[in-house]
Amino acid sequence: MKTSRIKFVSFFLIAGFAFLFIYNVIFRSVVRLLPESGTSFLSTESLTGWKSVVSAMLYPIKIVLVGPMLPLLNLPDPPPPFLVIGLAFYWTILALVIHYFIGKIKRSQLKT
């Protein structure tokens, strides 16, 4: 099944924002997409039990999704649309690269 670039990027953006929102709701107890300025985005409060284990397992995903954007997230008081637009731009590039490699893998499998 072939997925267009636009559909893939749209799904990637929706999934990325949903991941951040759900992560913040469950592990940070904050109903926000992005944390308040001044709080560390990668760290969480001291977690107990299953939250600590799941948070440790999701940490690499969070590093890939948000790691390169940390300089923007640590600005003193950026306007909220600035951060959302920055994340969307970075994730669009990331989604296009992933889509390219998936297509390349599928093409090489069809040749053999």
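Rules used in this analysis
- Residues numbered from 1 in each chain as written.
- Predicted model: local features only at pLDDT ≥ 70, side-chain atom pairs only at ≥ 80, totals over all residues.
- Heavy atoms only, no water.
- Helix = DSSP H or I, 4+ residues; strand = E, 2+ residues; numbered from the N terminus.
- Buried < 20%, exposed > 50% of the residue type's maximum accessible area, 1.4 Å probe, protein only.
- Contact = heavy atoms within 4.5 Å.
- Areas by Shrake-Rupley, 256 points an atom, 1.4 Å probe, with all protein chains shown as cover.
- Phe/Tyr/Trp six-rings, centres within 6.5 Å; stacked < 30°, edge-to-face > 60°.
- Expected span 1.5 Å × (residues − 1).

## Some thoughts on the overall build of the protein
Phase 1 of the analysis: Scanning the protein for helices and strands turns up four helices and zero strands.
Phase 2 of the analysis: Secondary structure elements in the protein, listed N-terminal to C-terminal, are α-α-α-α.
Phase 3 of the analysis: Counting the 112 residues in the protein, one finds 30% classified as buried.
Phase 4 of the analysis: For the protein, contacts bridging at least 24 residues in sequence account for 57% of all contacts bridging at least 6.
Phase 5 of the analysis: With an accessible surface of roughly 7700 Å², the protein has 72% of that area assigned to carbon and sulfur atoms.

## Regarding the packing of aromatic side chains
The description of an aromatic ring pair rests on the distance of the ring centres and on the angle between the ring planes.
Phase 1 of the analysis: What the rule picks out here adds up to four aromatic pairs.
Phase 2 of the analysis: Look at tyrosine 100 and phenylalanine 101: their rings are 5.4 Å apart centre to centre, the planes differ by 65°, and that puts the pair in the edge-to-face class.
Phase 3 of the analysis: Overall, tyrosine 100 belongs to the partly exposed group, its relative accessible area being 44%.
Phase 4 of the analysis: Relative accessible area serves as the criterion here: at 45%, phenylalanine 101 is assigned to the partly exposed category.

## Here's the deal with helix 1 (residues 5-27)
Phase 1 of the analysis: Across its 23 residues, helix 1 extends 32 Å between first and last C-alpha, which sits within 8% of the 33 Å expected from 1.5 Å per residue.
Phase 2 of the analysis: Phe8, Val9, Phe12, Leu13, Gly16, Phe17, Phe19, Leu20, Tyr23, Asn24 and Phe27 are the residues of helix 1 that are buried.

## Remarks on the environment of threonine 92
Phase 1 of the analysis: Note that threonine 92 resides in helix 4 (residues 80-111).
Phase 2 of the analysis: Counting along the chain gives 86 residues from threonine 92 to isoleucine 6, while the straight-line C-alpha distance between them is 9.7 Å.

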